Amino acid sequence: MTGAGEFDDARYRDNPVNRCYFCKTNLYDRIRDLTAGAIASGANLDDLGDYRPGLLAAAERAVVHPYIEAGMDKAAVRALARQLGLDEVAELPAQPCLSSRVETGIAIDPADLAFIDLVETRLTTKSPAGMAVRCRVTRAGITIEAGEHAEDAKPLADLAATLCREHGRRLVGIGPYRRGAMFVHR
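For clarity, every value in this text was computed on a predicted model and none was experimentally measured.

Draft legend 1. Quick peek at the overall build of the protein. Per the secondary structure count, the protein includes nine helices and three strands. Along the protein, helices and strands appear, N-terminal first, in the series α-α-α-α-α-α-α-β-β-α-α-β. Scaling as 2.2 N^0.38, a compact globule of 186 residues should have a C-alpha radius of gyration of about 16 Å, and the protein matches this with 18 Å. Based on the C-alpha atoms only, the size of the protein along its principal axes is roughly 50 × 40 × 30 Å. By residue count, 36% of the 186 residues in the protein fall in the buried class. By sequence separation, contacts in the protein at least 24 residues apart represent 61% of the contacts at least 6 residues apart. Accessible surface, the protein as shown: approximately 10,600 Å² in total, 55% of it carbon and sulfur. If the 24 positive side-chain charges of the protein are averaged to one point and the 26 negative ones to another, these points end up 4 Å apart.

Draft legend 2. How the structure looks around the side chain of D112. Inspection of the secondary structure assignment puts D112 in helix 7 (residues 110-125). Side chain to side chain, D112 and R169 meet in a polar contact 2.7 Å long.

Draft legend 3. Representation of the pairing of strand 2 (residues 142-146). In terms of burial, strand 2 is largely enclosed, as five of its five residues are buried. Burial along strand 2 is two-sided: I142, I144 and A146 facing one way and T143 and E145 facing the other are all buried. Strand direction decides the pairing type here: strand 1 (residues 133-137) and strand 2, joined by five bridges, are antiparallel. When the sheet's bridge partners are listed, V133 is paired in strand 2 with A146.

Draft legend 4. The arrangement of the nonpolar core in detail. Formed by 26 residues in total, the largest nonpolar core has its most connected members in V102, V119, L123, C135, I142 and I144. Per-element tally for this core: the top contributor is helix 7, with five residues. With residues near it in sequence (within four places) discarded, I142 still touches F115, C135, R136, V137, C164, R169, R170, L171, V172 and G173.

Draft legend 5. Seen up close, the sheet that holds strand 3 (residues 171-175). Taking strand neighbours across the sheet as the criterion, the three strands line up as 1-2-3 in an open arrangement whose pairing is mixed. Each edge of the sheet is formed by a strand with only one pairing partner; in this case those strands are strand 1 and strand 3. If you compare each strand with its neighbour and ignore which way they point, the axes differ by 15° on average. The strands touched by helix 9 (residues 157-166) are strand 2 and strand 3; relative to strand 3, the strand with the most contacts, the crossing angle is about 155°.

Draft legend 6. Summary view of the pattern of salt bridges. For the coordinates displayed, the defined rule picks out 11 salt bridges. Residue R52 pairs with D47 through a salt bridge whose shortest N-O separation is 3.1 Å. Close ionic contact of E91 with R82 constitutes a salt bridge, the shortest N to O distance being 2.7 Å. Assessed through its relative accessible area of 37%, R82 is described here as partly exposed. Sharing partners across several salt bridges, the network here consists of D29, E60 and R61.

Draft legend 7. Examining the environment of L113 more closely. Relative to the elements of secondary structure, L113 occurs in helix 7. By relative accessible area, L113 is classed as buried at 11%. Along the backbone, L113 and S100 are 13 residues apart, and their C-alpha atoms lie at a distance of 9.7 Å. With sequence-adjacent residues up to four places away left out, L113 is seen in contact with F7, L98, S99, V102 and I108.

How each quantity is defined
Throughout this document, residue positions are counted from 1 along each chain, in the order its sequence is written. pLDDT decides what is reported in this predicted model: residues at 70 or higher carry local features, side-chain atom pairs at 80 or more are listed and counted, and totals for whole chains, interfaces and linings draw on all residues regardless. Side-chain metrics in this entry use all non-hydrogen atoms of the structure; hydrogen atoms and water are not considered. Counting from the N terminus, the helices are the DSSP runs of H or I reaching at least four residues and the strands are the DSSP runs of E reaching at least two. Every radius of gyration here is taken over C-alpha atoms, with the globule rule written as 2.2 Å times N^0.38, N being the number of residues. Throughout this description, buried means an accessible area under 20% of the type-specific maximum (1.4 Å probe, protein chains only), exposed means over 50%, and partly exposed covers the range between. Note on definitions: a residue-residue contact is assigned when non-hydrogen atoms from the two residues lie within 4.5 Å. Here the open area of atoms and residues is found with the Shrake-Rupley method and a 1.4 Å probe, where only the protein chains shown may cover a residue. By the counting scheme adopted, Arg and Lys are positive, Glu and Asp are negative, and His together with the chain ends is not counted. To locate a charge, the coordinates of NZ of Lys, CZ of Arg, CG of Asp or CD of Glu are taken. Any pair of N or O atoms that falls within 3.5 Å is considered a polar contact. Within protein, one atom must be able to donate a hydrogen and the other to accept it, and sequence-neighbouring residues count only if both atoms are side-chain atoms. By the convention used here, strands pair only if DSSP detects at least 2 bridges between them. Only buried residues count toward a nonpolar core, which is a set of Ala, Val, Leu, Ile, Met, Phe, Trp, Tyr and Cys residues joined through side-chain atoms within 4.5 Å. Each axis is a line fitted through C-alpha atoms, and for a helix only the stretch in contact is used; angles between axes span 0 to 180 degrees, taken between their N-to-C directions. Within this document, salt bridges are pairs made up of a side-chain nitrogen of Lys or Arg and a carboxyl oxygen of Asp or Glu, the two lying within 4 Å of each other.

Shown next, in the form of structure tokens:
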């Protein structure tokens, strides 16, 4: 087993709507193999408003959530980091799992994740600081989401098309960022 072992788990690779449950199950079990101490997550109050099946895996394994217990949302966590002199950490953008960019039901494949990372890294360098940029793998092909409005993503269209063409992918759309867009309940 390498890493947390999620790629060894067919339930994770199958990418059901509760994929995060299987990923976190593997992660927390692997951590437990390494320590008998408490396992803490970085979940905060903002995470409670989203569909987070990984929180069930955490509950089943007695993982603690110090930020939630302290009543802290993401803004409060960032403020605490700044107060502690960790300004660079406080300003880091959110980095959700690359698998969250793959539409539910499409198998998780390392090559897809590497492509997503490449595209997002390249497009982010061409985007205004702090703009959310997502490369989505859908049944129809690749979609790019950036910014809050459709016009925010348009300047990235040529580069996105080039990257897709170079990697044998079909670009099917460019538009504004939509949080949680790949969770398709069937």
